[in-house]
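# Structural overview for review
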Amino acid sequence: MTSVEQTTTGDSGEPSGSGPSGYAAARLRLLQEESRSGPSRRSALAGLTDDWLNALFTTALRETGVRGATLVAVGGYGRAELSPRSDLDLLLLHDGKAEPRALGALADRIWYPVWDLGVALDHSVRTPAEARKTAGEDLKVHLGLLDARPVAGDAGLLTGLRTSVLADWRNQAAKRLPQLHSLCRERAEQAGELRFLLEPDLKEARGGLRDATALRAVAASWLADAPREGLAEARRRLLDARDALHLVTGRATDRLALQEQDQVATQLGLLDADALLREVYEAARVVAYAGDVTWREVGRVLRARAARPRLRGLLGPRGAAVERAPLAEGVVESDGEAVLALAARPDRDPVLALRFGAAAAQAGLPVSLHAVRRLAAQAKPLPVPWPAEAREQLVTLLGAGEPTVAVWEALEAEGLITRLLPDWERVRCRPQRNPVHTWTVDRHLVETAVRASALTRRVGRPDLLLMAALLHDIGKGWPGDHSVAGETIARDVAVRVGFDAQDAAVLGVLVRHHLLLIDTATRRDLDDPATVRSVAQAVGSVGTLEILHALTEADALATGPAAWSTWRGSLVADLVARVASVLRGASPVAADLTIPTTEQERLAVEALRTREPVLALHARQEEDDAVGVELVVAVPDQAGVLPAVAGVLALHRLTVRAADLRSLELPDLSGEVLVLRWRVAAEYGSLPEAARLRTDLVRALDGSLDVPVKLADREAAYPRRRGVVPPPPRVTVVPEVSSLATVLEVRAPDAVGLLHRIGRALESSGVRVRSAHVSTLGANAVDSLYVVDPDGKPLPAPAASALASHLEAALR
């Protein structure tokens with residue numbers, strides 16, 4: 001039902017939709033109509049609500065005798081955009097002549113039926129003068145009144161108020177718009193960037209519905225206008241997503257939580273949650289870009305207005321021409337923006353778009369919206385392969401640092417990037433489900449190029465580093481391993497942009513193996529010659545290794561804070577040094593684990609003499625502000641050492657980063673000593689005392705400290721919040737990566753005492769752990785364990801497979 005004409009009459013003689021139950025039933029029927037969705041349903045819901053409130057208002061007027069009043073919808077309801085669980089923003093406007101008691105009774109007869117239905121209500125009672133005064137004092141009230149419309153009563157009262165409110169908005173634009181811009185920035189800082197969030201707030205985040213409403217307010221000021229192409233459609237998509245979210249959850253929520261995304265996608269007729277997020281991100285990108293352009297224009301106009309009186313006094317009534325400083329051929333700076341020169345001919349200069357972007361980024365300037373749209377409409381296509389100048393301008397754009405991001409996004413918003421690089425379409429606005437990632441795939445690639453630009457002095461071929469940064473995840477839009485798919489795409493793109501066959505091959509290797517160094521350094525035993533030899537074989541040359549090292553760092557830095565640290569950097573650097581030595585002709589040499597260091601020998605002697613564990617703990621403040629700990633433990637050889645030490649470390653809130661274990665025989669003393677070297681980090685920035693660690697370790701080994709029970713008690717004291725159920729642990733045998741041990745890789749949700757549980761399972765299987773390499777990314781742990789049989793040899797294939805199954809079952 002959308003109009004009074006469609007309302008039927010019940011037995012009481014009143015419209016069936018006028019009572020709360022009649023309205024509720026009609027509302028429910030409307031929301032269940034499959035043919036109704038999007039703007040049509042929102043408008044129909046607003047119309048149905050109008051009819052109900054009109055009936056309430058008319059009855060209330062008759063009962064109270066009030067005259068000279070009107071019921072006004074403001075905000076989203078004023079725009080007739082009611083989502084299924086939207087609140088109602090209502091203003092009872094009156095001429096001030098009614099008795100306060102009668103006016104209060106009128107308001108009660110409207111507000112209480114709304115509350116009785118459980119509908120959220122934002123309400124006020126004011127005269128036009130009071131409303132205008134409040135709007136002048138409260139920016140949010142002023143914004144709501146810009147969309148005011150009459151629902152019932154004397155519409156003439158609102159007509160005068162709207163005229164006054166709009167006039168005030170335009171007259172006070174120089175003060176109001178900076179306030180509105182500040183409000184948008186504060187909201188963005190709190191809610192984040194919608195198009196990069198895994199659980200975005202559709203309303204409050206940057207690029208969301210609030211920002212779209214702010215752009216309407218800017219347009220109403222007549223000071224500037226947002227780019228209209230695609231903006232209305234983007235806003236509609238966000239509203240549709242919110243409607244579906246309300247229907248799925250039954251709540252008035254704007255946060256698109258992970259556990260609800262598949263249902264919301266189904267409600268919208270989309271394939272899956274990824275398709276939903278990509279559509280939401282696309283819409284948010286349009287809104288955010290329109291906001292950037294609009295606020296920049298607002299600033300330009302306000303600066304011009306402020307300067308105009310001074311300029312008139314200095315230059316006379318005619319003023320002066322805007323200065324245009326050259327930046328590159330066909331590109332100039334004008335009024336703080338990069339624009340096309342008057343003589344530029346995009347239809348005759350196929351390199352102009354790249355030259356324009358490179359010049360703007362190098363100068364640190366925003367690009368003119370008009371210029372980008374002219375390039376999109378008129379630019380001559382580049383021949384394939386590209387001429388050398390085009391390739392050089394692309395590399396220059398990628399190497400400009402932070403300004404590259406804004407320029408790239410402006411070119412992308414008008415379709416120029418996908419025209420230049422068609423493979424970009426598959427990664428554009430593509431979500432990344434791994435919480436370690438800060439950005440979508442496309443933005444991550446650009447951010448990696450930004451990070452790589454600071455590392456170009458470390459490599460002999462900066463152009464290949466920057467191109468590899470831009471392309472390293474280009475395969476994420478395709479099925480299967482993105483590194484394998486990306487290698488083919490990278491080679492094709494390299495040829496397209498004009499690199500020769502040799503450079504294209506290097507780019508293919510860089511993309512194929514962009515995770516090789518970080519994965520090997522954090523999950524493999526670098527003292528094993530097979531580890532270093534396999535990396536050297538994959539990379540092929542010192543020059544490629546040099547670029548891959550820089551790419552690894554840039555990729556990790558652009559991923560997020562959990563992906564890179566001083567510790568990870570030192571491991572990668574160590575691996576690179578060993579691989580470079582092999583590539584220069586040296587042979588990888590296995591570390592002699594039987595030769596202890598001076599400290600290890602001292603601790604081992606003391607452990608044998610006391611027959612108790614001894615330890616040494618060294619703390620260091622790392623560059624990433626984490627408190628790092630080097631812990632060496634020596635224990636007379638006995639069963640259960642690994643799970644005991646791992647459990648004690650977990651009880652003391654020490655996060656294990658790496659561990660290696662070795663058995664030493666001292667010729668002067670009888671017996672073997674197990675030496676464990678750990679690299680750990682304090683979870684909360686403070687280190688436990690070595691004496692407390694030793695005391696608990698002694699108790700764990702003699703059985704007086706029940707580590708599993710203590711860990712279970714600690715986990716029960718801090719229960720995890722409900723959310724998405726993680727996939728079960730998985731344990732696999734990694735073949736052909738070590739000649740000294742069998743390598744097991746454990747992928748599991750990070751949890752208290754995970755390494756303790758792994759150690760117990762391995763101890764029960766009768767194998768020894770030679771070394772452990774622990775990596776935690778977000779909520780997931782990836783641990784690599786080098787295990788040997790009691791004689792110190794790798795396990796046969798059947799035994800290794802059985803051990804992996806046993807460990808997986810134990811962790812489940």
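The following paragraphs examine the structure supplied in this document. (Residues numbered from 1 in each chain as written. Predicted model: local features only at pLDDT ≥ 70, side-chain atom pairs only at ≥ 80, totals over all residues. Heavy atoms only, no water.)

### Re the side chain of Thr448
- In this fold, Thr448 is placed in helix α18 (residues 441–453).
- Leaving out residues up to four positions away in the same chain, Thr448 has contacts with Ala469, His472, Leu551, Ala554, Asp555 and Ala558. (Helix = DSSP H or I, 4+ residues; strand = E, 2+ residues; numbered from the N terminus. Contact = heavy atoms within 4.5 Å.)

### Overview of the pattern of salt bridges
- Inspection of every chain in the model, using the stated rule, returns 52 salt bridges.
- Note that Arg428 is salt-bridged to Glu282, the shortest N-O span being 2.4 Å. Separated by 146 residues along the polypeptide, Arg428 in the loop between α17 (416–420) and α18 and Glu282 in helix α12 (residues 273–315) bring together distant segments of the chain. Each of the two residues, Arg428 as well as Glu282, counts as buried. (Salt bridge = Lys/Arg side-chain N within 4 Å of Asp/Glu carboxyl O. Buried < 20%, exposed > 50% of the residue type's maximum accessible area, 1.4 Å probe, protein only.)

### Quick notes on the sheet that holds strand β6 (residues 331–334)
- Strand order in this open sheet of three strands is β5-β6-β7, and the pairing throughout is antiparallel. Each having just a single partner strand, β5 (324–328) and β7 (337–340) make up the two edges of the open sheet. Strand-to-strand twist in this sheet, taken as the mean axis angle between neighbours without regard to direction, amounts to 40°.
- Bridge count between β6 and β7: four bridges; the pairing is antiparallel. Bridge pairing in β7 places Glu333 opposite Ala338.
- Each of β5, β6 and β7 is contacted by helix α13 (residues 352–363), which is oriented at about 160° to β7, the strand it contacts most. (Pairing = 2+ DSSP bridges. Axes fitted to C-alpha atoms, helices over the stretch in contact; angles between N-to-C directions.)

### Details of the pairing of β5
- Two strands pair when backbone bridges link them, and β5 and β6 are joined in this way by four bridges, in the antiparallel orientation. Pairing of Ala328 across the sheet is with Val331, part of β6.
- The hairpin turn running from β5 into β6, its antiparallel successor, is two residues long, and Gly330 in that turn takes a positive phi close to 85°.

### Some remarks on the packing of aromatic side chains
- Evaluated as defined, the whole model comprises four aromatic pairs.
- The interplanar angle of 90° and the centroid separation of 4.9 Å between the aromatic rings of Phe196 and Trp439 together place this pair among those described as edge-to-face. You can see Phe196 sitting in the loop between α8 (173–191) and α9 (209–220) and its partner Trp439 sitting in the loop between α17 and α18, a full 243 residues away along the chain.
- Judged by its relative accessible area of 12%, Phe196 is buried.
- Under the relative-accessibility criterion, Trp439 is labelled partly exposed at 22%.
- For the ring pair Trp408 and Trp424, a centre distance of 5.3 Å and an interplane angle of 65° mean the geometry is edge-to-face. Taken as a pair, Trp408 in helix α16 (residues 403–413) and Trp424 in the loop between α17 and α18 lie far apart in primary sequence, 16 residues in all.
- The ring of Trp222 carries the charged tip of Arg170 above its face, separated from the ring centre by 3.7 Å.
- Seen from the ring of Phe499, Arg391 lies directly overhead, with NZ or CZ sitting 5.4 Å from the centre. (Phe/Tyr/Trp six-rings, centres within 6.5 Å; stacked < 30°, edge-to-face > 60°. Lys NZ or Arg CZ within 6 Å of the ring centre and 35° of its normal.)

### A few points about the side chain of Thr742
- With respect to the helices and strands, Thr742 occurs in strand β13 (residues 742–749).
- Here Thr742 falls in the buried class, since its relative accessible area comes to 6%.
- A polar contact of 2.8 Å, which involves the side chain of Thr742, links it to the backbone nitrogen of Leu795.
- Once you skip the residues sitting within four places of it in the chain, Thr742 turns out to touch Val733, Leu785, Tyr786, Val787, Pro794, Leu795 and Ala800. (Polar contact = N/O pair within 3.5 Å; in protein donor to acceptor, adjacent residues only side chain to side chain.)

### Some thoughts on helix α4 (residues 100–116)
- Here α4 spans 24 Å end to end across 17 residues, near enough to the 24 Å set by a 1.5 Å rise per residue.
- Every buried residue of α4 is listed here: Leu103, Leu106, Ala107, Ile110, Trp111, Pro113 and Val114.
- Contact partners of the buried residues in α4: α2 (38–64), β1 (69–73), β2 (88–94) and β3 (121–126).
- Remark: Gly118 follows α4 within two positions and exhibits a positive phi of approximately 80°. (Expected span 1.5 Å × (residues − 1).)

### Brief notes about the sheet that holds strand β4 (residues 149–153)
- Pairing in this open sheet of four strands is mixed, and the strands run β3-β2-β1-β4 from one edge to the other. The outermost strands of the open sheet, each flanked by one partner alone, are β3 and β4. Across the sheet, the mean angle separating the axes of adjacent strands is 25° when strand polarity is ignored.
- Of the strand pairs in this sheet, β1 and β2 are connected by five bridges, and their pairing is antiparallel. What sits directly across from Ala69, in β2, is His94.
- Against the sheet, α2 contacts β1, β2 and β4, and its axis sits at roughly 35° relative to β4.
- Relative to the sheet, helix α7 (residues 155–171) contacts β1, β2 and β4, its axis offset from that of β2 by approximately 100°.

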